[in-house]
Amino acid sequence: MNSISITAATYKLEGMEFDLYIAQPERVTQALPAIFVAHAWDGLNAPIEKIARQVAQLGYVAVAVDVYGQGMRGNPMGDNSRLMNPLLEDRGILRNRLRAGYAAIGEIETVDATRMGAIGYCFGGSCVLDLARSVPKHLKGVVSFHGGLTGGELKDTKPIEASILIEHGWDDPLVPPDDYLAFAREMDERQADWQAHIHGGAVHAFTFEGANMPEKGLQYHEAAARRAWQSMRNFFADVF
């Protein structure tokens, strides 16, 4: 297992400061591709930091990007609607924060800013799709794990340049079948290179080992989680 170094940084937007958690191989001899890691609804907490370290183990600079603001954190096992909903209700504000965080990653010394990717989980899955919809320069690919698929009030028409992979549980109660169809139409209309892997028997949050609330449609699914991670690895090996 490769040794990983951890550093912290911030980015600023409209008078607010946001955190960056940077995980990368300990010895970097040349600039590496970077992966923007978008947090779930609980914010930049320990679970997403762990994922960033796992991504760094693959040989990337992994940067977990806070979009709530310094000091604004939720409970990984609680209801964090108060943090998430204002951004889902104004996707323009969310987009601005995503793009500012993305730009900050490109300024990191060890990052090859011409090879950028993004992954996100749940709310973070929605975030990386919105990032791709905004067509930032040099974004090569995004992966959404059990995230929302609709773009809200964002009605862009410019062709999407990043390749897109979605990993979803077929029985996810938060993503009805109509959302899949609407997403497919949107991607085709915007000439995107996209693919979807739908995991039978999996529900929402199927990659989170601690998820065990089947009555709410939240349940870890070991096989789906393992396959989705391998699919992500293959995807980035291809797009980079």
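Worth saying up front: this structure is predicted, and the values here are computed from it rather than measured. (Residues numbered from 1 in each chain as written. Predicted model: local features only at pLDDT ≥ 70, side-chain atom pairs only at ≥ 80, totals over all residues. Heavy atoms only, no water.)

(A) Region of interest: the environment of alanine 196. Secondary-structure assignment places alanine 196 in strand E8 (residues 194–199). Distance in space between the C-alpha atoms of alanine 196 and valine 143 is 9.7 Å, their sequence separation being 53 residues. (Helix = DSSP H or I, 4+ residues; strand = E, 2+ residues; numbered from the N terminus.)

(B) Region of the structure containing the pattern of salt bridges. Overall, the coordinates contain ten salt bridges when judged by the stated rule. One salt bridge in this structure joins arginine 73 and aspartate 66, with 3.7 Å as the shortest N-O distance. By relative accessible area, aspartate 66 is classed as buried at 0%. Of the charged contacts, one joins aspartate 156 and arginine 190 as a salt bridge, the two residues approaching to 3.9 Å between their closest N and O atoms. (Salt bridge = Lys/Arg side-chain N within 4 Å of Asp/Glu carboxyl O. Buried < 20%, exposed > 50% of the residue type's maximum accessible area, 1.4 Å probe, protein only.)

(C) Broad picture of the packing of helix H3 (residues 91–106) against helix H4 (residues 123–133). H4 packs onto H3 with a crossing angle of 80° between their chain directions and a minimal axis gap of 9 Å. For the element pair H3 / H4, the angle class is roughly perpendicular. The segment H3 lies against H4, with Arg91, Leu94, Arg95, Leu98, Arg99 and Tyr102 engaging Phe123, Cys127, Asp130, Leu131 and Arg133. Across the contact of H3 with H4, the residue classes break down as six nonpolar, no polar and five charged. (Axes fitted to C-alpha atoms, helices over the stretch in contact; angles between N-to-C directions. Parallel < 35°, antiparallel > 145°, perpendicular 65-115°, else oblique. Contact = heavy atoms within 4.5 Å. Nonpolar A, V, L, I, M, F, W, Y, C, P; charged D, E, K, R; others polar.)

(D) Just helix H5 (residues 177–189), in detail. Here H5 is 13 residues long and its end C-alpha atoms lie 19 Å apart, about the 18 Å a rise of 1.5 Å per residue gives. Looking only at H5, the buried set comprises Asp179, Tyr180, Phe183, Ala184, Glu186 and Met187. Relative to the axis of H5, the buried residues are bounded by an arc of 165° and lie together on one face. Across H5 from its buried face, at more than 90 degrees, point the exposed residues Asp178, Asp188 and Glu189. Elements in contact with the buried residues of H5: H4, strand E7 (163–169) and E8. Two residues or fewer after H5 comes glutamine 191, characterised by a positive phi angle close to 55°. (Expected span 1.5 Å × (residues − 1). Arc of directions from axis to C-beta.)

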